Amino acid sequence: MRLHGQILATPITLWLLVAFAAPFLVVILMSLHPYADPFGPLFVAPSIAQFALILGDHFYLGVVWETVALGMVVTALSAVLGFPLALWLVSVPGRWRPLAFMVILIPLLTNVVVRSLGIVLLLAPDGLINVALGFVGIPPITNMLFNHFAVAISLAQVFMPFIVLALYDNLQGTSPRVFEAAESLGASKTVNFWTVRLPLALPGLRAGMIIVFMMSSTAYVSARILGGGRVWTTGMLVWQEAIANLNTPTAAALALVMTVACIAFAAICIWVFSRLMPWQRNVPASASFTLPPGLVRVLDVVGPVVSKLLLFSALVLLLMPLLLVCVQSFNDVSQGTLATFKGFTLKWYEIVFLQGPYIKGFINSLQLGAAATVIALALALPAAFALSRYRFLGIGALMIFWTLPLSLPGVAIGVGMLRLLQYFTAVPTFIGLLALHVVLILPFCLALLTTSIQQLDRSQEEAAQSLGANGPRRFFLVIIPNLMPGLVASAIITFLMSFGEVTVTSFLTTARMTTLPVIIYAEANNILEPTVHAVSASMIAVTLLALFLINLVFKVDRLHVR
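Along each chain, numbering runs from 1 in the same order as the chain's sequence is written. With pLDDT at 70 or above as the cut-off, local features in this predicted model cover only qualifying residues; side-chain atom pairs require 80 or more to be listed or tallied, and sums for whole chains, interfaces and linings still use all residues. Processing note: side-chain calculations cover all non-hydrogen atoms of the structure and skip hydrogens and water entirely.

K.L.:
Now, about the overall build of the protein: what can you tell me, with residues and values included?
P.N.:
Assigned secondary structure in the protein consists of 23 helices and zero strands. For the radius of gyration, the atom set is restricted to C-alpha positions; the globular benchmark scales as 2.2 Å times the number of residues to the power 0.38. Here the C-alpha atoms of the protein give a radius of gyration of 25 Å, agreeing with the 24 Å that 2.2 N^0.38 yields for 562 residues. Dimensions of the protein, computed from C-alpha atoms along their principal axes, come out at roughly 75 × 65 × 55 Å. Of all 562 residues assigned to the protein, the portion counted as buried reaches 52%. Residue contacts are defined here by distance: any two heavy atoms, one from each residue, within 4.5 Å place the two residues in contact. A separation threshold of at least 6 residues defines the contact pool for the protein, and within that pool the share at least 24 residues apart is 78%. As displayed, the protein offers around 25600 Å² of accessible surface, 70% of which is attributable to carbon and sulfur atoms. Under the DSSP-based scheme used, a helix requires at least four consecutive residues in state H or I and a strand at least two consecutive residues in state E, with every element numbered from the N terminus. Accessible area is worked out with a 1.4 Å probe on protein chains only. A residue is then buried under 20% of its type maximum, exposed over 50%, and partly exposed in between. The accessible surface values rely on the Shrake-Rupley method and a 1.4 Å probe; as for residues, cover is taken only from the protein chains in view.

Here it is in structure tokens:
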């Protein structure tokens, strides 16, 4: 049948048109409203009043610039710490690589509020860093929290795994013979790194930097917890205008300004990296890059030490906050921010599981995650087959459209869906949340399933066909059994992502319909009781258990392969 590919691509395209493109169109229309009117029509005479307000107000402009600067710092920090981590990941022997991959995936799949709470415990006046400084006789640093430094560290901890995975994709695809050839020509490790390994990794570095900047410049959860009200980002302003002030036109305009800033950063990044990679444009390099011999000798001595220090710092930054949250969940203290260990107790778990208000939120998150996972799998599976096995006109454009939710600010989609649901009041909140969660996890589900389908052994299907099996019989008796490990892994990963989502979810939750991460986020902004750490530690344990289960049926390092 000639239209197989188009038919398989239709379900996911329709879903994204309704649940992603429509809210984003609403954001554009709202940004052209002259003033806020929560009950007014969507279509009004277009006005640039909101953009004039933002561009003419020093406070708004200052926050936008502050957010862009913060995003660039987080991107640079993530690149510096992420590169040694990606190199380590590639160098780990095959049998230990799944375990090494978990070091990256556990923080990546853990709720952002949980990780931010861990950073609070790390940087607190009585936190681990100051305890370590005390052992070497250095007085404690009491002002590490609630400033730009704390927010940058927190955002780097949250988004660094994305740049590591992007770099790993490039590094693991490079043949070791390239480096052996350079060594045989007399290149030292320093020369090998700067003239061979780094240039070959530039495409992954470019992709990772763009992703990290886009996600960090629109994040607001970590900024709100670690900034303590002293640091403002555009994401926080969007949330404030849309939820607290009911001023959706200004919120929409702010979201679009940040979207434009993200696109501008991506364009500059692509331009700069294209100049660094002339071979990709079939343009000969104007001059060969050489290091002064004296500098090479210095870097040969200093480089390995610096690399190990950066790798150690990256591992500490990724894992230590999670470990501190788990320890704090057993700490007998009156407030969650008191990092000094006062004694072992299980009372926080008792409150959470027997008395706390978390059960309802947990059930909502469970139902939402399960439903979103089932729908995402049903939409992504045919789309992954269309990508892997069919070529038809427009497949490239569709692939870009399917991955757009990754590259556009989530807060913009949240604002659009919030206003859209105000016009369709008959639509339950759960359905609105479900539509958004499916949009957010679809790109990941699609990428995982496409990888699994590309690894299928086509000869088994051909053998079944030669024995008379028709299409449905081949699909259910040959393809699905072979695809089952990938389906299970994709289901667990996407469920965890949906279960822990808070950034966009907080726009749509109500008193009756809220999720566990949103409850934790709300408590983290008010009176932080140690019960939050007990909930967070339970979520980390579930993530860890899920990854070990995935590893039993489908090695976790195969979740991310070329």
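There is more to say after this.
K.L.:
Account for the confidence of the model for the protein, with residues named and values stated.
P.N.:
Regions with low pLDDT should not have their predicted coordinates read in detail. By definition, pLDDT measures how confident the predictor is in each residue, and it falls between 0 and 100. Residues at a pLDDT of 70 or more form 95% of the protein, whose mean pLDDT is 85. By mean pLDDT, helix H8 (residues 176–184) is the weakest element of the protein at 78, and helix H3 (residues 58–91) is the strongest at 93.

K.L.:
Account for the nonpolar core, naming residues and giving values.
P.N.:
Among buried residues, the Ala, Val, Leu, Ile, Met, Phe, Trp, Tyr and Cys ones that are joined through side-chain atoms within 4.5 Å form a nonpolar core. In terms of nonpolar packing, the biggest core is built from 177 residues, with Val 113, Trp 402 and Phe 507 touching the most fellow members. The dominant element in this core, judged by the number of residues it contributes, is helix H7 (residues 148–171), at 16 residues.

K.L.:
How would you explain unusual backbone geometry if you had to name every residue and give the values?
P.N.:
One non-glycine residue, Phe 146, adopts positive backbone phi at about 60°. Tracing the backbone through its elements, the reader meets Phe 146 in the loop between helix H6 (128–135) and H7.

K.L.:
Give a detailed account of the pattern of salt bridges, specifying residues and quantitative values.
P.N.:
The salt bridge criterion pairs a side-chain nitrogen of Lys or Arg with a carboxyl oxygen of Asp or Glu, the two atoms within 4 Å. Inspection of the entire model under this criterion finds two salt bridges. Linking Arg 389 and Glu 461 is a salt bridge whose minimum nitrogen-to-oxygen distance equals 2.8 Å. Of the two residues, Arg 389 is situated in helix H15 (residues 358–389) and Glu 461 in helix H19 (residues 458–466); the sequence distance between them amounts to 72 residues.

K.L.:
Lay out the side chain of Thr 13 in plain terms, naming residues and giving numbers.
P.N.:
Along the chain, the position of Thr 13 falls in helix H1 (residues 4–31). Look at Thr 13 and you get buried, because its relative accessible area is 15%. Contact partners of Thr 13, with chain neighbours within four places excluded, come to Leu 398, Phe 401 and Trp 402.

K.L.:
Before we move on, can you summarise a nonpolar patch on the surface with the specific residues and values?
P.N.:
Residues enter patches when their relative accessible area tops 30% and they take part in no salt bridge; the joining distance is 9 Å for like charges and 5 Å for the nonpolar side chains Val, Leu, Ile, Met, Phe, Trp and Tyr. Together, Phe 353, Leu 354, Ile 359, Phe 362, Ile 363 and Leu 366 line one region of the surface with nonpolar side chains, adding up to about 560 Å² of accessible area. Elements represented by at least two residues in the nonpolar patch include exactly helix H14 (347–355) and H15. Here the nonpolar patch takes four residues from H15, the largest share from any one element. Relative to the helices and strands, Leu 366 resides in helix H15.

K.L.:
So what's going on with empty space enclosed by the protein? Residues and values would help.
P.N.:
Space left empty within the atom packing is revealed by a probe, the size of a water molecule, rolled over the atoms. Cavities and pockets were defined on a 1 Å grid built over protein atoms only: a cavity is a set of grid points that admits a 1.4 Å probe from which the probe cannot escape, a pocket is an open set flanked by protein on both sides within 12 Å along at least five of seven lines, and lining residues are those with an atom within 4 Å of any such point. Grid points are joined across faces, edges and corners, and a volume is the space filled by probe spheres set on the points. All told, the structure shown has three cavities of 30 Å³ or more when counted by the stated rule. Every residue lining the largest cavity is counted, 35 residues in all, and those nearest its centre are Phe 159, Phe 162, Met 215, Glu 501 and Thr 503. Looking at the lining of the largest cavity, the element that brings in the most residues is helix H18 (residues 429–454), giving five residues.

K.L.:
Give me the lowdown on the layout of surface pockets, citing residues and values where you can.
P.N.:
The calculated volume of the second largest pocket comes to roughly 1200 Å³. Surrounding the second largest pocket, 33 residues form its lining, Leu 87, Lys 189, Phe 193, Arg 197 and Ser 307 being those nearest its centre. Of all elements in the fold, only H3, H8, helix H9 (189–217) and helix H13 (293–328) reach the threshold of two or more residues within the lining of the second largest pocket. Ranked by residues supplied to the lining of the second largest pocket, first place goes to H13 with ten residues. The classification used treats Ala, Val, Leu, Ile, Met, Phe, Trp, Tyr, Cys and Pro as nonpolar, Asp, Glu, Lys and Arg as charged, and all other residues, Gly among them, as polar. The residue makeup of the lining of the second largest pocket, split by class, is 19 nonpolar, eight polar and six charged.

K.L.:
Can you lay out the environment of Val 427 for me, pointing to particular residues and giving the numbers?
P.N.:
You can see Val 427 is positioned in the loop between helix H17 (410–423) and H18. Every residue in contact with Val 427, bar those within four places of it in the chain, is listed here: Leu 421 and Gly 432.

K.L.:
Go over the state of the cysteines, please, and point to the residues and values.
P.N.:
Two cysteine sulfurs form a disulfide in these notes if their separation is within 2.5 Å. A complete count under the given rule lists zero disulfides for this structure. Here Cys 262 is not disulfide-linked; the sulfur of Cys 269 is the nearest cysteine sulfur, at 12 Å. On the basis of relative accessibility, which here comes to 2%, the residue Cys 262 falls in the buried class.

K.L.:
Quick one: what's the story with the packing of H7 against H9, residue by residue and with numbers?
P.N.:
The interhelical angle for the contact between H7 and H9, taken along N-to-C directions, is 150°, at an axis separation of 8 Å. One way to sum up the angle between H7 and H9 is to call them roughly antiparallel. Judged by the twist between their axes, the crossing of H7 over H9 is right-handed. In this structure, H7 contributes Leu 155, Phe 159, Phe 162, Ile 163, Ala 166, Leu 167, Asn 170 and Leu 171 to the contact, and H9 contributes Arg 197, Leu 200, Ala 201, Pro 203, Gly 204, Leu 205, Gly 208, Met 209, Ile 211, Val 212, Met 215 and Ser 216. When the residues that make up the contact of H7 with H9 are grouped by side-chain class, the tally is 15 nonpolar, four polar and one charged. Angles shown run from 0 to 180 degrees and are taken between the N-to-C directions of axes, each axis being a line fitted to C-alpha atoms and, for helices, limited to the stretch in contact. Each angle receives one of four descriptions, namely roughly parallel if under 35 degrees, roughly antiparallel if over 145, roughly perpendicular if within 65 to 115, and oblique otherwise. The hand of a helix crossing depends on one turn: near helix anticlockwise from the far one by less than a right angle means left-handed, and clockwise means right-handed.

K.L.:
Any details on the side chain of Thr 505? Residues and values, ideally.
P.N.:
For Thr 505, the location among the structural elements is in helix H21 (residues 505–508). Throughout this description, a polar contact denotes any pair of N or O atoms lying within 3.5 Å of each other; where both atoms belong to protein, one of them has to be capable of donating a hydrogen while the other can accept it, and for residues adjacent in sequence the pair is counted only when both atoms sit in side chains. Side-chain polar atoms of Thr 505 contact the side chain of His 437, separated by 2.9 Å. Setting aside residues up to four positions removed in sequence, Thr 505 forms contacts with Leu 433, His 437, Thr 515 and Val 518.

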